[in-house]
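The lines below spell out each chain.
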Amino acid sequence: MDLQVALSSRRDETLIEASGVLDYASTPYLRQVVYERFDAGSHLITIDASRLRLIDAASINVLIYLRERAERAGGELRLTEARGTALAALEIAGVAKELDAYGEPGWPVEQRQSVPVDLGTLHIGHGHWPVGATELLRELYSLSPSDHRRSRLREEVIALCLPAARNLARRYAGAGEPVGDLAQVAALGLVKAVDGFDPERGIEFGAYANPTVTGELKRYFRDRTGAVRIPRRLQELRLQLNKAREELNSRLGRPPTAQDLAAHLDASVEEIGEVEQAAHLQRPMSFDAPAGADQDEVTLADLIGGEDPGYELAELRASLPPAIAGLPEREQRIIALRFYGNLSQNEIAARLGLSQMHVSRLLTHALGFLRRRLS
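Residues numbered from 1 in each chain as written. Predicted model: local features only at pLDDT ≥ 70, side-chain atom pairs only at ≥ 80, totals over all residues. Heavy atoms only, no water.

*Asks:* Just checking my understanding: could you explain the environment of leucine 190 for this structure?
*Replies:* Along the chain, the position of leucine 190 falls in helix H6 (residues 179-196). Residue classification places leucine 190 among the buried residues on the basis of a relative accessible area of 0%. In the structure, leucine 190 is positioned 33 residues away from valine 157 in sequence and 9.7 Å away in space, judged by C-alpha atoms. Among all residues touching leucine 190, those that are not within four sequence positions of it are Trp129, Ile158, Cys161, Leu162, Ala165, Phe205 and Val213. (Helix = DSSP H or I, 4+ residues; strand = E, 2+ residues; numbered from the N terminus. Buried < 20%, exposed > 50% of the residue type's maximum accessible area, 1.4 Å probe, protein only. Contact = heavy atoms within 4.5 Å.)

Have a look at this one:
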């Protein structure tokens, strides 16, 4: 971002000396400075554009909006001494005269404090929202509930702000969810913001829409994603971690370490490790996933062993001989003839000189004894 701003004040007037480039990336910062001067009681705000090299179309729309807002509040906003390419852009847009771009600021150099503004400290979380949304919503809520224009204006506001909502959704793209799903959640949050916004409170729509859409995205991650629920503290830290990783990667020119992330987020290295581990645990691997990169036909489920009934039989085989040894000799012989010799009760009775009924009673007694011993 190539924009520098310095402020001078006297009574209820403010001079904003802007230098560099005023484009889509830097305009939200200038707009925030103007908002803060409005809030501080400045009714006449003059922007000295003599050192601005470039003004793009998006910035011109914002300047027109700020001028209209100042007039509604009984004040005035001027953009003076535009030169070169910046002046040419204003002339092409047909607003050079309207913004007083040919005029002088009316601030002698000796009366200027020219206090530099640290733009990095400004809170511009809602700076990417369209400036016209607030005016459309003000018009929408001025209509009666039965007016057919309400639905048209509502749809117009949603369509106008949808790109900004999608930009918010893309910030969470590194959290493991499809961008398309996140865009739908952001769109739902936008609809809630449009329906819940109250223009009578005097705030910009972006100041209300930004936390509303962001809150909807965070609730989605908290309540809808993952097969394993992780604590809310770790979920919020994980979202911060994704953004911090991108910022540090750009700043350091290398992937950030756990120590870098911990220092940036004011967290401990243990917490960073806990978050990264939780992210893996939240989505267990599917049993239907391929077992390896070159094993498309073999799944993880194919490699998982099942319960082998042979182990239980082996235990029974080892326990059975001592249990049989505890039976009387005649019952041991009946067991051997019945289950090892595969003889019927009649054949056993003939061999031992007993009745079939007597063999049945002895066999039942022997099996009952073995069942009690083995259980």
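*Asks:* Explanation requested: the packing of aromatic side chains in the structure shown.
*Replies:* The way to describe two aromatic rings as a pair is by their centre distance and the angle between their planes. Tallied over the full model, the rule gives two aromatic pairs. Here phenylalanine 197 and tyrosine 208 contribute two aromatic rings whose centre-to-centre distance is 6.0 Å and whose plane-to-plane angle is 55°, an arrangement assigned as tilted. Placement of the pair is phenylalanine 197 in the loop between H6 and helix H7 (205-223) and tyrosine 208 in helix H7, with a sequence separation of eleven residues. The class for tyrosine 208 is partly exposed, based on a relative accessible area of 23%. Across from the ring centre of tryptophan 107, 3.9 Å away, lies the NZ or CZ of arginine 10, which sits over that ring. Over the aromatic face of tyrosine 141 sits the side chain of arginine 150, whose NZ or CZ is 5.7 Å from the ring centroid. (Phe/Tyr/Trp six-rings, centres within 6.5 Å; stacked < 30°, edge-to-face > 60°. Lys NZ or Arg CZ within 6 Å of the ring centre and 35° of its normal.)

*Asks:* Hey, could you run me through the sheet that holds strand S2 (residues 13-22) in this one?
*Replies:* Sheet strands pair via backbone hydrogen bonds, and the direction of the pair is either parallel or antiparallel. The mixed open sheet is built from five strands, whose spatial order is S4-S3-S2-S1-S5. The open sheet has two edge strands, strand S4 (76-80) and strand S5 (115-116), and neither has a second partner. Two elements, strand S1 (residues 3-10) and S2, share eight bridges in a ladder whose sense is antiparallel. Paired with leucine 3 across the two strands is glycine 20, which belongs to S2. Against the sheet, helix H2 (residues 57-72) engages S2, strand S3 (44-55) and S4, with an angle of about 145° to S4. (Pairing = 2+ DSSP bridges. Axes fitted to C-alpha atoms, helices over the stretch in contact; angles between N-to-C directions.)

*Asks:* Can you walk me through helix H4 (residues 132-142) in this structure?
*Replies:* Taken as a whole, H4 has its buried residues at Ala133, Thr134, Leu136, Leu137 and Leu140. In an axial view of H4, the angular spread of the buried residues amounts to 165°, which keeps them on one side of the axis. (Arc of directions from axis to C-beta.)

*Asks:* Just to check I follow, could you spell out the environment of isoleucine 272 for this structure?
*Replies:* Tracing the backbone shows isoleucine 272 in helix H10 (residues 269-281). The class for isoleucine 272 is buried, based on a relative accessible area of 0%. Sequence separation between isoleucine 272 and alanine 262 is ten residues; the distance between their C-alpha atoms is 6.5 Å. With residues up to four places along the chain from it excluded, the contact list for isoleucine 272 reads Leu241, Ala258, Leu261, Ala262, Leu265 and Ala267.

*Asks:* Teacher, can you tell me more about H6 here?
*Replies:* Three- or four-residue spacings in an α-helix give side chains the same orientation, since the helix completes a turn every 3.6 residues. Under the 1.5 Å per step criterion, the end-to-end length of H6 is 25 Å for 18 residues, consistent within 8% with the ideal 26 Å. For H6, the complete set of buried residues consists of Leu182, Ala183, Val185, Ala186, Gly189, Leu190, Ala193 and Val194. (Expected span 1.5 Å × (residues − 1).)

*Asks:* What exactly am I supposed to notice about the pattern of salt bridges here?
*Replies:* Here the idea is simple: oppositely charged side chains can pair when their charged atoms come close. Under the criterion given, the structure shown has 17 salt bridges. Note that arginine 67 and glutamate 98 form a salt bridge whose closest N and O atoms lie 3.2 Å from each other. Of this pair, arginine 67 sits in helix H2 while glutamate 98 is found in the loop between helix H3 (84-93) and S5, placing the two residues 31 residues apart along the sequence. A relative accessible area of 36% means that glutamate 98 is categorised as partly exposed. A salt bridge links aspartate 260 to arginine 254, with the shortest nitrogen-to-oxygen separation between them at 3.0 Å. The class for arginine 254 is partly exposed, based on a relative accessible area of 36%. Linked by salt bridges that have partners in common, Glu17, Asp48, Arg51 and Arg112 make up one network. (Salt bridge = Lys/Arg side-chain N within 4 Å of Asp/Glu carboxyl O.)

*Asks:* How should a nonpolar patch on the surface be read in this particular structure?
*Replies:* A grouping of Leu313, Leu316 and Leu374 is seen on the molecular surface, where their side chains present a nonpolar patch of about 230 Å² in accessible area. Relative to the helices and strands, leucine 374 resides in helix H14 (residues 356-374). (Patch = residues over 30% accessible without salt bridge, like charges linked within 9 Å, V, L, I, M, F, W, Y side chains within 5 Å. Areas by Shrake-Rupley, 256 points an atom, 1.4 Å probe, with all protein chains shown as cover.)

*Asks:* Just to check I follow, could you spell out the pairing of S1 for this structure?
*Replies:* Taken residue by residue, a regular strand's side chains alternate between the two faces of the sheet. Linkage of S1 to S2, two consecutive antiparallel strands, is achieved through a turn of two residues, within which arginine 11 is found at a positive phi near 50°. Pairing of S1 with S5, which is carried by two bridges, proceeds in the antiparallel orientation. Opposite leucine 7, over in S5, you have valine 115 as the bridge partner.

*Asks:* What's the story with unusual backbone geometry in this structure? I'm lost.
*Replies:* Comment: phi is negative for the bulk of residues other than glycine, and the bulk of peptide bonds are trans. Of note in this structure, aspartate 266 is not a glycine but carries a positive phi near 55°. Residue placement: aspartate 266 occurs in the loop between helix H9 (258-265) and H10. Look at asparagine 342: it is not a glycine, yet its phi comes out positive at around 60°. A relative accessible area of 64% means that asparagine 342 is categorised as exposed.

*Asks:* Hey, could you run me through the packing of H4 against helix H5 (residues 149-170) in this one?
*Replies:* Helix packing for two helices is described by the angle between their axes and how far apart those axes are. One way to put it is that H4 packs onto H5 with a least axis distance of 9 Å and a crossing angle of 165°. In terms of axis orientation, H4 runs roughly antiparallel to H5. For the pair H4 and H5, the crossing hand works out as left-handed. Contacts from Gly132, Ala133, Leu136, Leu137, Glu139, Leu140 and Tyr141 in H4 reach Arg150, Leu153, Arg154, Glu156, Val157, Leu160 and Cys161 in H5. (Parallel < 35°, antiparallel > 145°, perpendicular 65-115°, else oblique. Left-handed = near helix turned anticlockwise from the far one by under 90°.)

*Asks:* So what exactly am I meant to see when it comes to the pairing of S3 here?
*Replies:* Note that S2 and S3 share nine bridges and pair parallel. Along S3, the bridge assignment pairs glutamate 17 with aspartate 48. Between S2 and its parallel partner S3, the chain crosses via helix H1 (residues 27-39), and the hand of that crossover is right-handed. Across five bridges, S3 lies against S4 in parallel orientation. Residue pairing across strands places leucine 44 opposite glutamate 76, the latter belonging to S4. (Right-handed = clockwise from strand over helix to strand, strands pointing away.)

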